[in-house]
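Listed here are the chains, written in short residue letters.
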There are 2 protein chains.
Amino acid sequence: MADDSRPGTRERILDSSAELFRRQGYNGTGVKQIVAAASAPFGSVYHFFPGGKEQLGAEVIRTSGAMYIELFAHIALQADDPLSAIADFFDGAAATLTETDFADACPIATVALEVASTSETLRLATAEVFDSWIDAAGAYLQAAGVAPGRSRALAVSMLSLLEGAFIFCRAGRTTEPLEHARRSAVALIGAELPARP
Amino acid sequence: MADDSRPGTRERILDSSAELFRRQGYNGTGVKQIVAAASAPFGSVYHFFPGGKEQLGAEVIRTSGAMYIELFAHIALQADDPLSAIADFFDGAAATLTETDFADACPIATVALEVASTSETLRLATAEVFDSWIDAAGAYLQAAGVAPGRSRALAVSMLSLLEGAFIFCRAGRTTEPLEHARRSAVALIGAELPARP
DNA sequence: GTCTATATCTCGATAGAC
DNA sequence: GTCTATCGAGATATAGAC
């Protein structure tokens, strides 16, 4: 009888790849390192991903992107109001950074910058994910009361603050930039929210 | 008689490396590619940089970082006021992005994310550069009238907006995020500047 | 100092036994 | 589907002729 509690080989490869790409980037991670981390045979990568490393990368980008939206949704559900939800998300990101010794920030930013000018397939995958984030954040802000014509611009600015702060945090091994970014994001969005009762 | 107008081998290696690291990252750029772009013999890299690729990387990070500060200083000198200087810098970054087919954004961000958890030597170089940027931007904002206790936080937020927008611009091949980030940066800083006559 | 040839290693990918 | 052996190409780095 099979051990259904243990993820299948394909899923383990996906999970290990996501973690390694997030921390070391795409070019800095070898297929051999991936299969070692996943405790999978080398050939399985090419069995499950006939397109090789690039196909694996594209799939990791998309699944990681979807998971990150769900993480925000999860935090937003528990918050009292939209501004607190945003602050909580920034705080959660800072906590993750500290817990992982500043390894885990954005799941796809490193890869996005690496492939932007070198792999059209992977660039498109990152573009789609970022678009989905901006759409989701924009819809969330609009539901919170931001004017429809301003929601997308604010979503982009909020996510830019997050992504930019991630770079400084990882380089300097400090969560201070994320705290400044959080405060600015809240100020920026708070200024375009209808006054609360 | 030597041709003094042509940069020396060492400088050509540094310049080519800076351009390639900026566009493809550190791991995505090979030493062979660098010497080919610099029209330099392979051995020269190890002659001028005995520490190999890592020493070359560290030097590129520091010189690129210093040049980027000078670029901002140059733009700031020509602007009428601080808020225009900031807007001009964002606009210039967008123009560079368009001119280079979305290849040239931040000179060190890709490398910074790649090496943050894999090379302490290079991570420290990126941290020093980012610190110098934050210090310079903070001093500039303070001179413009921002309260001393707020200048660093605003500098970090402004640079985060820039860096984050760069990621989205390169991934999506559009300068739209940079325009939203510019507007947000101006709003954020304008709100903490003393009213103008 | 310049340049080439090469050593050594690791990469992504494939073939084929089981 | 699992796993190993191996391929050819590319990587970084070094040795040594000029």
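See the structure printed just above.
As a starting point, this report considers the structure included with it. (Residues numbered from 1 in each chain as written. Chains lettered and ligands numbered in written order. Predicted model: local features only at pLDDT ≥ 70, side-chain atom pairs only at ≥ 80, totals over all residues. Heavy atoms only, no water.)

## Section: unusual backbone geometry
Residues and elements named next belong to chain A. Operational definition: Strands are runs of DSSP state E lasting at least two residues, helices are runs of H or I lasting at least four, and both sets are numbered from the N terminus onward. Per-residue accessibility, obtained with a 1.4 Å probe over protein chains only, is compared with the maximum for each type, and a residue is labelled buried under 20%, exposed over 50%, and partly exposed between these values.
Positioned with a positive phi, Phe102 is a non-glycine residue whose angle comes to about 65°. Among the secondary structure elements, Phe102 is positioned in the loop between helix H5 (82–99) and helix H6 (109–115). Despite not being glycine, Arg173 shows a phi value in the positive range, around 55°. Tracing the backbone through its elements, the reader meets Arg173 in the loop between helix H8 (148–172) and helix H9 (176–190). For Arg173, a relative accessible area of 30% corresponds to the partly exposed category.

## Considerations on the interface of chain A and chain B
Selection criterion: We call two residues in contact whenever any of their non-hydrogen atoms come within 4.5 Å of each other. What counts as buried area is the accessible surface, traced by a 1.4 Å probe, that two parts surrender upon association, with contributions from both included. Any Lys or Arg side-chain nitrogen found within 4 Å of a carboxyl oxygen on Asp or Glu counts as a salt bridge. Think of a polar contact as two N or O atoms within 3.5 Å of one another; within protein, one of them needs to be a possible hydrogen donor and the other a possible acceptor, and neighboring residues in sequence only count if both atoms come from side chains. For this classification, Asp, Glu, Lys and Arg are treated as charged, while Ala, Val, Leu, Ile, Met, Phe, Trp, Tyr, Cys and Pro are nonpolar and the rest, including Gly, are polar.
In this assembly, 42 residues from chain A lie in contact with 42 residues from chain B. Between chain A and chain B, roughly 3,700 Å² of surface is buried when both sides are summed, and carbon and sulfur atoms account for 66% of that area. The tally of links from chain A across to chain B stands at two salt bridges. Between Glu176 of chain B and Arg152 of chain A there is a salt bridge, with the nearest N and O atoms lying 2.9 Å from each other. The tally of links between chain A and chain B comes to 14 residue pairs in polar contact (both at pLDDT 80 or more). Where the side of chain A that touches chain B is concerned, the elements lending two or more residues are helix H1 (9–24), H6, helix H7 (120–144), H8 and H9 of chain A. The element that contributes the greatest number of residues to the side of chain A that touches chain B is H8 of chain A, accounting for 16 residues. Broken down by class, the residue content of the side of chain A that touches chain B amounts to 19 nonpolar, 13 polar and 10 charged.

## Structural notes on the protein's contact with DNA strand D
Filter applied, for reference: By convention in this text, a residue qualifies as near a molecule or strand provided that one of its non-hydrogen atoms is within 4 Å of it.
In the vicinity of DNA strand D there are 15 residues, among which Val31, Lys32, Phe42, Tyr46 and Lys53 of chain B approach most closely. In DNA strand D, atoms within 4 Å of the protein come from the sugar-phosphate backbone in 50% of cases. One of the side-chain nitrogen or oxygen atoms of Lys32 of chain B is found 3.4 Å away from a base nitrogen of DNA strand D. Secondary-structure elements contributing two or more residues to the surface near DNA strand D are helix H3 (42–48) of chain A together with helix H2 (31–38), helix H3 (42–48) and helix H4 (52–78) of chain B. Here the surface near DNA strand D gets five residues from one element, more than from any other, and that element is H3 of chain A. Classifying every residue of the surface near DNA strand D gives six nonpolar, seven polar and two charged.

## Focus: the protein's contact with DNA strand C
Contacts to DNA strand C come from 14 residues, most closely from Val31, Phe42, Tyr46 and Lys53 of chain A together with Pro41 of chain B. Protein-adjacent atoms of DNA strand C, using a 4 Å cutoff, are sugar or phosphate at a proportion of 56%. One nitrogen or oxygen atom from the main chain of Thr29 of chain A is found 3.4 Å from a phosphate oxygen belonging to DNA strand C. Backbone polar atom of Val31 of chain A to a phosphate oxygen of DNA strand C: 2.7 Å apart, as the coordinates give it. The set of elements that each furnish at least two residues to the surface near DNA strand C consists of helix H2 (31–38), H3 and helix H4 (52–78) of chain A together with H3 of chain B. It is H3 of chain B that contributes the most residues to the surface near DNA strand C, four residues altogether. Here the residues of the surface near DNA strand C are counted per class, giving six nonpolar, six polar and two charged.

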